[in-house]
Amino acid sequence: MDAEVSVVVDEPELAPLQERDRWLTVDGPVGMHDQEAARRQARNFFFAGFILLPWLWFVNCFYFWPVLRQRHRGSDPLLRSYIVRSAIGFLVYSSLLLIWTMTFTFGREHVFGSLWKTLAVYEIADKFSGSF
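Looking at an unreviewed UniProt entry, one finds the protein chain named Gamma-secretase subunit PEN-2, with Ceratopteris richardii as its source organism. The Subcellular location (unreviewed entry) field of the UniProt record for the protein chain holds the comment "Membrane".

Okay, structure coming up:
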């Protein structure tokens, strides 16, 4: 019993490579097509990262991944600068967070000395557990 199998291919996969290179966002033809709206969103996410929301820098880089990947293909230089600066900010923030976490986790009393007992949360909880 032989059955015919038909494959349906979406139109975006049939689009020429040059047309796909013009997509600004990872969601392709469904995403933003307006340069000004894309600039505005990238700028807002970039500046929002400075108010203690650095995960927005990651979201900005992820959403505009095609712009971040393109180097000299005629993408908007202002949009690209916001995305590149978001990537740098996220990498710096992540590196500092990782260093702080590793220092606090593995350094303990060797790094902080007697100050460790006042910084560690579980030490504070043990100190006040009898009073509750």
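A. Focus on the packing of aromatic side chains. Counted according to the given criterion, the structure contains 10 aromatic pairs. Ring centres 6.4 Å apart and planes at 20° place the aromatic pair Phe 58 and Phe 62 in the stacked group. Pair noted here: Phe 58 and Phe 62 are both in helix 4 (residues 55-63), with a separation of 4 residues, about one helical turn. Since its relative accessible area comes to 44%, Phe 58 is described here as partly exposed. Ring plane angle 80° and centroid distance 5.2 Å describe the contact between Tyr 63 and Phe 64, whose orientation is recorded as edge-to-face. Note on Phe 64: relative accessible area 0%, which makes it buried. Through successive ring pairs, a cluster of aromatic residues spans Phe 46, Phe 47, Phe 50, Trp 57 and Tyr 82. Between Arg 85 and the ring centre of Phe 46, over which it is positioned, the NZ or CZ distance is 5.0 Å.

B. How the structure looks around the packing of helix 4 against helix 6 (residues 77-112). Where helix 4 contacts helix 6, the two axes come as close as 8 Å, and the packing angle between them is 135°. Considering their axes alone, helix 4 and helix 6 lie oblique with respect to each other. At the point where helix 4 passes helix 6, the crossing takes the left-handed sense. From helix 4, Trp 57, Phe 58, Asn 60 and Cys 61 reach across to helix 6, where they touch Tyr 82, Ile 83, Ser 86, Ala 87, Gly 89, Phe 90 and Tyr 93. A breakdown of the residues in the contact of helix 4 with helix 6 according to their chemical character gives 8 nonpolar, 3 polar and no charged.

C. The pattern of salt bridges, seen in detail. A complete count under the given rule lists 2 salt bridges for this structure. Ionic pairing is found between Glu 36 and Arg 39, a salt bridge with its closest N-O pair at 2.9 Å. In this pair, Glu 36 and Arg 39 are both assigned in helix 3 (residues 35-48), 3 residues apart and thus about one turn of the helix distant. Residue classification places Arg 39 among the partly exposed positions, given a relative accessible area of 23%. One salt bridge in this structure joins Arg 39 and Asp 76, with 2.3 Å as the shortest N-O distance. Placement of the pair is Arg 39 in helix 3 and Asp 76 in the loop between helix 5 (65-69) and helix 6, with a sequence separation of 37 residues. Residue class for Asp 76 comes out buried when judged on its relative accessible area of 12%.

D. View of helix 4. Buried within helix 4 are the following residues: Leu 56, Trp 57, Asn 60 and Cys 61. Projected onto a plane normal to the axis of helix 4, the buried residues spread over an arc of 140° and lie on a single side. The exposed residues of helix 4 that point more than 90 degrees off its buried face are Trp 55 and Phe 62. Taken together, the buried residues of helix 4 touch helix 3, helix 5 and helix 6.

Cut-offs used in this document
- Residues numbered from 1 in each chain as written.
- Predicted model: local features only at pLDDT ≥ 70, side-chain atom pairs only at ≥ 80, totals over all residues.
- Heavy atoms only, no water.
- UniProt positions renumbered as here; feature names shortened; annotations may be inferred.
- Phe/Tyr/Trp six-rings, centres within 6.5 Å; stacked < 30°, edge-to-face > 60°.
- Helix = DSSP H or I, 4+ residues; strand = E, 2+ residues; numbered from the N terminus.
- Buried < 20%, exposed > 50% of the residue type's maximum accessible area, 1.4 Å probe, protein only.
- Lys NZ or Arg CZ within 6 Å of the ring centre and 35° of its normal.
- Axes fitted to C-alpha atoms, helices over the stretch in contact; angles between N-to-C directions.
- Parallel < 35°, antiparallel > 145°, perpendicular 65-115°, else oblique.
- Left-handed = near helix turned anticlockwise from the far one by under 90°.
- Contact = heavy atoms within 4.5 Å.
- Nonpolar A, V, L, I, M, F, W, Y, C, P; charged D, E, K, R; others polar.
- Salt bridge = Lys/Arg side-chain N within 4 Å of Asp/Glu carboxyl O.
- Arc of directions from axis to C-beta.

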